Amino acid sequence: STSDLADGTSGSAASAITLTRVVGTISTYGEWINIGDLALESQISQALDAYREILQYRGASAIDTLLYDAAKSAGNHFHVGDTTISGATLTTSDTLKAKDFPAIATYFRARNAVGFEKLSGDYMLAIHPDAEYDLVTDVTTAELSWAEVNKHVPKGFEQLINNHRYVGRLNGVTALRTTIVGTVTEDVAAHVNVALSRWGVGWLGLGKNPASTPEIKFKSPGPQSTNDPLDTN
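In this report, we go over the structure that sits alongside the text. (Residues numbered from 1 in each chain as written. Predicted model: local features only at pLDDT ≥ 70, side-chain atom pairs only at ≥ 80, totals over all residues. Heavy atoms only, no water.)

Focus: the sheet that holds strand β1 (residues 123–127)
Here is step 1 of the chain: Taken together, the four strands give an open sheet; going across it, the order is β2-β3-β1-β6, and neighbouring strands pair in mixed fashion. Bordering the open sheet on either side are β2 (166–170) and β6 (194–196), each of which pairs with just one other strand. Averaged over all neighbouring strand pairs, the angle between strand axes comes to 20 degrees, with direction disregarded.
Here is step 2 of the chain: Strand direction decides the pairing type here: β1 and β6, joined by three bridges, are antiparallel. Residue pairing across strands places L125 opposite A195, the latter belonging to β6.
Here is step 3 of the chain: Across the sheet, helix α4 (residues 129–137) lies against β1, β2 and β3 (173–177), angled at about 105 degrees from β1, the strand it touches most. (Pairing = 2+ DSSP bridges. Helix = DSSP H or I, 4+ residues; strand = E, 2+ residues; numbered from the N terminus. Axes fitted to C-alpha atoms, helices over the stretch in contact; angles between N-to-C directions. Contact = heavy atoms within 4.5 Å.)

Concerning the nonpolar core
Here is step 1 of the chain: F101, L125, I127, L135, W146, V167 and V173 are the most contacted members of the largest nonpolar core, which has 17 residues in total.
Here is step 2 of the chain: Listing elements by their share of this core, those giving two or more residues are α3 (100–109), β1, α4, β2 and β3.
Here is step 3 of the chain: Broken down by element, this core gets its largest block of residues, five residues, from α3.
Here is step 4 of the chain: Setting aside residues up to four positions removed in sequence, L135 forms contacts with L96, K97, A98, F101, I127, W146 and V167.
Here is step 5 of the chain: With nine residues, the next largest nonpolar core counts A71, A126, V181 and L196 among its residues. (Core = buried A, V, L, I, M, F, W, Y, C linked by side-chain atoms within 4.5 Å. Buried < 20%, exposed > 50% of the residue type's maximum accessible area, 1.4 Å probe, protein only.)

Take a look at the structure:
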């Protein structure tokens, strides 16, 4: 309240919190592969480690895909070059540029959205490698081109050179590269890059900990076993 309390009174109760019911379907996700007894005994341990890494990557990608699909279906959208949501018609010359980063940051800040702690408080922008190419090669407006806005400060210059999954950051938005980003045909075929603030998309985990990381279990049931390889029964 911005009004002072009269002497000896406590005012009226505030209605500062709104409770919203969220209903979701509980689902199980998993997959498995067979490794025969002969392969298990004869293959070098590095090969088995490679199988584990492949499944870990697939599991992490599955979680990312679920979050991406939820964000893509539920969020407001900017066309590149727009400053308001659901804006102008897209053309083939409309590509991701550095000036889109302040528009994204402004949208979130106007709603008091919180950034990600692991991204130094930045909002996250997941972009396709093709969109990254458009971003880093744009020179149509020199003062707002990606290279121009980054090359004059040590950290920015470093990110122009050392960018692996991390593309770079500008105006409170960190861009990350991922091929999970899909396409949509609206006016033209376009990538559906996703910008998120903290708590923008989440998931419910049963038990003590959220299902935030994939888990791998090795099982050796024997040749005649009919046991389910996943813990679903």
